[in-house]
Amino acid sequence: MKKNLSLLAVLSLIFCALMPASSIATPSEKGKKTALSKQLEAISNQTYRYFEDFTDENTGLTYDAVRKDDGEIDPQKHTSPTNIGMYMMSTIAAEESGQLTEEEAVSKIQTTLDTLEEMETWNGLFYNWYNTDDGSLMTDWGEFISTVDNGWLSAGLIVSGQAYPELNKQTSDLVDNMDYSTLYDPEVGQMHGGYDVAEGSLTDHYYGALYTEPRVASYLSIGKGDVPTTHWWKMERTMPEDWDWQSQTPEGYTETYDGIEVFEGHYTYNDQKFVPSWGGSMFEALMPQLVMKEKELGKKALGLNNQRHVDIQIQYAEEQGYEAWGMSAAATPDNYKEFGAAPLGHEGYEADGTVTPHATFLALEYAPMEAFENIQTLKSYDTYGKYGFLDSVNVETGEVTEAYLALDQGMSIVAIANYLHDGVIREYFHQDDIGKTPEELLEKEEFSIQ
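Rules used in this analysis
- Residues numbered from 1 in each chain as written.
- Predicted model: local features only at pLDDT ≥ 70, side-chain atom pairs only at ≥ 80, totals over all residues.
- Heavy atoms only, no water.
- Helix = DSSP H or I, 4+ residues; strand = E, 2+ residues; numbered from the N terminus.
- Rg over C-alpha atoms; globule rule 2.2 N^0.38 Å.
- Buried < 20%, exposed > 50% of the residue type's maximum accessible area, 1.4 Å probe, protein only.
- Areas by Shrake-Rupley, 256 points an atom, 1.4 Å probe, with all protein chains shown as cover.
- Pairing = 2+ DSSP bridges.
- Salt bridge = Lys/Arg side-chain N within 4 Å of Asp/Glu carboxyl O.
- 1 Å grid on protein atoms, 1.4 Å probe; cavity = no way out; pocket = protein on both sides within 12 Å on 5 of 7 lines; lining within 4 Å.
- Points joined across faces, edges and corners; volume = space filled by probe spheres on them.
- Nonpolar A, V, L, I, M, F, W, Y, C, P; charged D, E, K, R; others polar.
- Axes fitted to C-alpha atoms, helices over the stretch in contact; angles between N-to-C directions.
- Expected span 1.5 Å × (residues − 1).
- Polar contact = N/O pair within 3.5 Å; in protein donor to acceptor, adjacent residues only side chain to side chain.
- Contact = heavy atoms within 4.5 Å.
- Parallel < 35°, antiparallel > 145°, perpendicular 65-115°, else oblique.
- Left-handed = near helix turned anticlockwise from the far one by under 90°.

S.K.: For this particular structure, what's the right way to read the overall build of the chain?
M.R.: When helices and strands are tallied, the chain shows 17 helices and 23 strands. Taken over the C-alpha trace, the chain has a radius of gyration of 22 Å; the compact-globule value for 450 residues is 22 Å, and the two agree within 12%. Scored against the burial criterion, the 450 residues of the chain give a buried share of 57%. A total accessible area of about 18,600 Å² is found for the chain, and carbon and sulfur atoms account for 46% of it.

S.K.: Looking at this structure, how should I read the sheet that holds strand 9 (residues 190–192)?
M.R.: Strand pairing in a sheet relies on backbone hydrogen bonds. The paired strands run either parallel or antiparallel. Read from one edge of the open sheet, three strands run 8-9-12, paired in antiparallel fashion. Of all the strands in the sheet, the pair left with one neighbour each is strand 8 (184–185) and strand 12 (206–207). Alignment of strand 8 against strand 9, held across two bridges, turns out to be antiparallel. Paired with Y184 across the bridge in strand 9 is M191.

S.K.: Can you help me understand the pattern of salt bridges in this one?
M.R.: Pairing between side chains of opposite charge can happen when their charged atoms approach one another. Going through the model one piece at a time under the given rule, you end up with 13 salt bridges. Between R426 and E365 there is a salt bridge; the shortest N-O distance is 2.8 Å. One end of the pair, R426, is in helix 15 (residues 424–431); the other, E365, is in the loop between helix 12 (357–362) and helix 13 (368–380), with 61 residues separating them in the sequence. Assigned by exposure class, R426 and E365 land together as buried. Put simply, D258, E440 and K444 are held in one network by salt bridges that share partners.

S.K.: Before we go on, may I ask you to explain the layout of surface pockets in this structure?
M.R.: To locate leftover empty space, one rolls a probe as large as a water molecule over the atoms. The calculated volume of the largest pocket comes to roughly 1,100 Å³. Forming the walls of the largest pocket are 41 residues, and the residues nearest its centre are D149, E213, F283, Y336 and E338. Every element with two or more residues in the lining of the largest pocket is listed here: strand 1 (65–69), helix 3 (81–96), strand 7 (144–146), helix 5 (147–163), strand 12, helix 9 (282–286) and helix 14 (406–420). Considering every element that reaches the lining of the largest pocket, the biggest residue donor is helix 5, with three residues. A class-by-class count of the residues in the lining of the largest pocket yields 22 nonpolar, 13 polar and six charged.

S.K.: Help me understand the pairing of strand 14 (residues 260–269) in this model?
M.R.: Among the 10 residues in strand 14, eight count as buried, and that is most of the element. Summarising the sheet, strand 13 (residues 251–257) and strand 14 pair through seven bridges and their orientation is antiparallel. Residue pairing in the sheet places T256 in a bridge with E261 of strand 14. In this antiparallel pair of consecutive strands, strand 13 and strand 14, the connection spans two residues, and D258 shows a positive phi of 50°. Here strand 14 runs beside strand 15 (residues 272–274); their pairing, made up of three bridges, is antiparallel. Within the sheet, the bridge partner assigned to T268 lies in strand 15 and is K273.

S.K.: Hey, could you run me through the sheet that holds strand 1 in this one?
M.R.: In spatial order, the strands read 2-1-23; together these three strands make up an open sheet with antiparallel pairing. Both outer strands of the open sheet, strand 2 (72–76) and strand 23 (403–405), are each paired with one neighbouring strand and no more. When strand polarity is set aside, the average angle formed by the axes of neighbouring strands in this sheet is 15°. Judged from the five bridges that link them, strand 1 and strand 2 form a sheet pairing that is antiparallel. The partner of A65 across the bridge, within strand 2, is Q76.

S.K.: Help me out: how do you make sense of helix 5 in this one?
M.R.: An α-helical turn contains 3.6 residues, so any two residues separated by three or four positions project in the same direction. Along its 17 residues, helix 5 runs 24 Å from first to last C-alpha, staying within 8% of the 24 Å computed at 1.5 Å per residue. Along helix 5, 16 of the 17 residues are buried, which leaves the element largely enclosed by surrounding structure.

S.K.: Can you help me understand empty space enclosed by the protein in this one?
M.R.: Per the stated rule, a full pass over the model turns up two cavities of 30 Å³ or more. Computed from the structure, the largest cavity encloses a volume of approximately 60 Å³. Residue lining of the largest cavity: I43, T47, T356, P357, H358, F361, F389, L390, D391, D408, Q409 and S412, and that is the complete set. Among the elements of the structure, helix 2 (27–53), helix 12 and helix 14 are those that each provide at least two residues to the lining of the largest cavity. Class assignment of the residues belonging to the lining of the largest cavity gives a composition of five nonpolar, five polar and two charged. The computed volume of the second largest cavity comes to approximately 40 Å³. Forming the walls of the second largest cavity are Q289, L290, F361, L362, L364, E365, A415, N418 and R426. Counting residues per element, the ones that place at least two in the lining of the second largest cavity are helix 12 and helix 14. Here the lining of the second largest cavity is composed, by residue class, of five nonpolar, two polar and two charged.

S.K.: Before we go on, may I ask you to explain the side chain of T62 in this structure?
M.R.: As for its position among the elements, T62 is in the loop between helix 2 and strand 1. Polar side-chain contacts of T62 include one of 2.8 Å to the side chain of T55. Residues contacting T62, with those up to four places away along its chain left out, are Y50, F51, F54, T55, H78, T79, Y87, T132 and A406.

S.K.: Got a minute to help me understand the packing of helix 5 against helix 7 (residues 215–224) in this structure?
M.R.: Working note: a packed helix pair is described by the angle between its axes plus the distance between those axes. Viewed as axis vectors pointing N to C, helix 5 and helix 7 meet at an angle of 60°, and their least axial separation amounts to 8 Å. It follows that helix 5 is oblique to helix 7 by the angle criterion. Crossing handedness for the pair helix 5 and helix 7: left-handed. The segment helix 5 lies against helix 7, with T147, G151, W152, S154 and A155 engaging V216, A217 and L220. Class assignment of the residues belonging to the contact of helix 5 with helix 7 gives a composition of five nonpolar, three polar and no charged.

Have a look at this one:
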């Protein structure tokens, strides 16, 4: 017996010696991971209260935002396709965490689906804004069909249909009717930003950059068969080298995929190569991996690039002297504004000390221990309230924005669910043929950032 124990001990020592030090969790690291998981469960439960208190019970439509004005709650009772998609996925996440029963989750999503079926659409695609009390079209802000917003609604419907088979026909019918070919330019090979119904015209601009949040709409449009696979290769990794307005002159080489020549360009920051997003914000970079298996399948492309963006966001914040990191579009005391780590963007957004908690949660799967520390720092600024984290804080001035946004609450909850439950939301998305069919696109590409 002693010989067996001794042999096991020797083998254990050899195994540990051969393992890289980074893969051996110390007791303190294990303790932090346990503490992080418990804290995330509590944050998720608290955050979902937003959807419980600010979703119309009759329509299942969530208010876009809630602000505090002189201490009074000021709910903004309109909603968008993205908000609807995030509500459905957040409800699934709440059921996964045990906050809701399956019956309760299905009932909530069923109410939303019934409303969606009655809402006004264009080629099956949804307008940018609807009133939450009855699902009627909100015309005060124009009548616009947004490519990116419809993409997130489709994603939410696909996930819901896989999470709850009893809803599958209803969700599938809605997604099937959403005709993305009407937003696609076959000559350019890219998606228009959207369609102005009042003007009767598509936008002049395209979603030409791959590494931004509209790539979800592109991916599922290919999965649906609405646009050809070649669309994926027609988007830019960086802009061409001679486009001198971009923040860096990219380096790289040309690769051929499916007969299409792709310039695999990259930027460099602190000797780290990466493919830029548009402005360097966290949600542009990491929101798509809430549903797409970029980390799992894109190990030499999108998944690796996600890691680089998280690492550089953290480094950049430290270099600016910020006590917390996480720069992304967020509510401000007066409005809503884009923020980012400027070096990470084609045209970088400004950084003025404003950080937003949803950026920390998006980074969870790439930097969990750094996220754990960042959560504590954010709480020290008195940013944590009845509905989870308030939307932003300026770590230079200490000013906290007294607002909650449905989009950012949803991103936080879904990111937490993926971290705690083995990528559960991504799994549902990829169970559907729409999510599964284009997987080769994620697997076969290699960015020039190895």
